[in-house]
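One-letter residues, chain by chain:
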Amino acid sequence: MSYEHRGDIWLKRLEVGEYGNNCYIVIDPVTKQSAIIDAPAEPDRIIEATVGTQVKYILITHTHGDHTGALRELVEATGAKVGVHPTEAEKIAPYGNLMLNENDTLQIGTVPLRILHTPGHTPGSSCFITGSHLFTGDTLFPGGPGRSASPDDLAQELQSITKKLFLLMPQTTVYPGHGASTTIADAQCEHAYFASQPHPSDLHGDVLWMPS
Ligand SMILES: [Zn+2]
Ligand SMILES: [Zn+2]
C-alpha cells in the first residue's frame, strides 16, 4: 500500500467492518510517528497499514461499538496510548488512558493535532484537526450532521458544528467516520440552506442539510 501525500502529513484511509467505517492513519513524514484515528474492525488490515511507522496514539472520536471494535487488538499490537474524551473513557475501560480535552494538542512527531470537543452525536464526541485536515467521527458528514438521539442532542450537535467546526478555514477537508470526505466550505453552504428553512421542533435522527 502506498502513502497518500497530503502536504504536511501522510494520510491513509481504510474502509473496514460491516458499517463502512473509516480508519485513518496520520503519519509524520519526518519522524514516521503515526496516530490511528478510530479502531473500528479488521485489526490485521489496520496494523498492516501502520508498518514502517511508530504508532504513538490511537485516538477515538467516540465510543460507539462500530468505532472501537478493534481497540483491544490494536492496543496489544502497538502499545500505543488510547485517547478519548473523559466523559466516555469508562466505556472503553481499561483502554482509554489518555484524556482528550478541548484544545489539547498532541504531537505526532513534528505534526501537531488539536482536540475539539464536539458533543451531540454522543456526549464525548471529539474532532481532531491538524493543518487543513479535520477528522469528525460521526459529528459531520457530507450532506448533514451525524445521527442524533433527541432534539436536544441535535441542537447540541448543531452548536458544535456551527460554533466550532465552522470557525475553521473553509478549505479544510472533513474526513468523517464513514464514507467520503467533504469540506467546511461545502458544509457551510449546505447548512445555510438548512438554517433558512422551517423545521419541526422534534427534528432529530438522520438529518440532512438539504432535501434529497
Ligand atoms: Zn456513532
Ligand atoms: Zn459510526
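Each value, and the rule that gives it
Residues numbered from 1 in each chain as written. Chains lettered and ligands numbered in written order. Predicted model: local features only at pLDDT ≥ 70, side-chain atom pairs only at ≥ 80, totals over all residues. Heavy atoms only, no water. Buried < 20%, exposed > 50% of the residue type's maximum accessible area, 1.4 Å probe, protein only. Helix = DSSP H or I, 4+ residues; strand = E, 2+ residues; numbered from the N terminus. Pairing = 2+ DSSP bridges. Right-handed = clockwise from strand over helix to strand, strands pointing away. Donors = N, O, S within 2.8 Å, 3.2 Å for Na, K, Ca; no water. Core = buried A, V, L, I, M, F, W, Y, C linked by side-chain atoms within 4.5 Å. Tetrahedral: all angles 85-135°; square planar, octahedral: opposite > 155°, others 65-115°. Arc of directions from axis to C-beta. Contact = heavy atoms within 4.5 Å. Salt bridge = Lys/Arg side-chain N within 4 Å of Asp/Glu carboxyl O. Expected span 1.5 Å × (residues − 1).

**Here we look at the pairing of strand S4 (residues 33-37)**
With respect to burial, S4 is a largely interior element, five of its five residues being buried. Burial of the side chains of S4 extends over both faces: Gln 33, Ala 35 and Ile 37 are buried on one face and Ser 34 and Ile 36 on the other. With four bridges joining them, strand S3 (residues 21-27) and S4 adopt antiparallel strand pairing. For Ile 25, the partnering residue across the bridge sits in S4 and is Ile 36. Taking the residues between adjacent antiparallel strands as the criterion, S3 and S4 are bridged by five residues, where Lys 32 takes a positive phi near 65 degrees. Read as a crossover between parallel neighbours, the route from S4 over helix H1 (residues 43-49) to strand S5 (residues 54-59) is right-handed.

**Quick word on the coordination of the zinc ion (ligand 1)**
Surrounding the zinc ion (ligand 1) are the protein donor atoms His 62 (NE2), His 64 (ND1), His 121 (NE2) and Asp 138 (OD), which sit 2.1 to 2.3 Å from the metal. Site description for the zinc ion (ligand 1): donor spacing in sequence, H-x1-H-x56-H-x16-D. For the pair the zinc ion (ligand 1) and the zinc ion (ligand 2), the metal-to-metal distance amounts to 3.5 Å, and Asp 138 bridges them. Placement of the pair is His 64 in the loop between S5 and helix H2 (65-68) and Asp 138 in the loop between strand S11 (133-137) and strand S12 (140-141), with a sequence separation of 74 residues.

**Comments concerning the nonpolar core**
Residues Leu 14, Ile 36, Ile 58, Ile 60, Leu 71, Leu 74 and Val 82 are the most contacted members of the largest nonpolar core, which totals 22 residues. Among the nonpolar cores identified, the runner-up in size contains 18 residues, and Leu 11, Tyr 57, Leu 100 and Ile 108 belong to it.

**Focus on the coordination of the zinc ion (ligand 2)**
Each angle at a metal carrying four tetrahedral donors should ideally be 109.5 degrees, and each at a metal carrying six octahedral donors should ideally be 90 or 180 degrees. Those donors, Asp 66 (OD), His 67 (NE2), Asp 138 (OD) and His 178 (NE2), are the protein atoms that reach the zinc ion (ligand 2), and they lie 2.1 to 2.4 Å from it. Relative to the metal, the four donor atoms surrounding the zinc ion (ligand 2) lie at angles of 87 to 154 degrees, and the coordination shape comes out irregular. Of note, the donors binding the zinc ion (ligand 2) are all from one chain and are spaced D-H-x70-D-x39-H.

**Re helix H3 (residues 71-78)**
Turning to H3, its buried residues are Leu 71, Leu 74 and Val 75. Down the axis of H3, the buried side of the element spans an arc of 100 degrees, and every buried residue falls inside it. Structurally, H3 contributes buried residues whose contacts are with S4, H1, S5, H2 and strand S6 (81-84). A positive backbone phi angle near 70 degrees is found at Gly 79, which sits one or two residues after H3.

**Observations concerning the pattern of salt bridges**
Applying the stated criterion to the full structure yields six salt bridges. A salt bridge links Arg 13 to Glu 15; its shortest N-O distance comes to 3.5 Å. Judged by its relative accessible area of 44%, Glu 15 falls in the partly exposed class. With a shortest N-O distance of 3.1 Å, Asp 206 and Arg 147 are connected by a salt bridge. Residue Asp 206 is located in the segment after helix H5 (184-196), and its partner Arg 147 is located in the loop between strand S13 (144-145) and helix H4 (151-163); the two are separated by 59 residues in the primary sequence. This pair shows no difference in class: Asp 206 is exposed, exactly as Arg 147 is. Through salt bridges with shared partners, a single network forms among Arg 72, Glu 73 and Glu 76.

**Some points on H4**
Its 13 residues give H4 an end-to-end C-alpha distance of 18 Å, which sits within 8% of 18 Å, the value for a rise of 1.5 Å per residue. Taken as a whole, H4 has its buried residues at Leu 154, Glu 157, Leu 158, Ser 160 and Ile 161. An end-on view of H4 places all buried positions within 160 degrees of arc, on one side of the element. In H4, the exposed positions angled more than 90 degrees off the buried face are occupied by Asp 152 and Lys 163. Here the buried face of H4 lies against S12, S13 and H5.

That is the geometry; function is a separate question.
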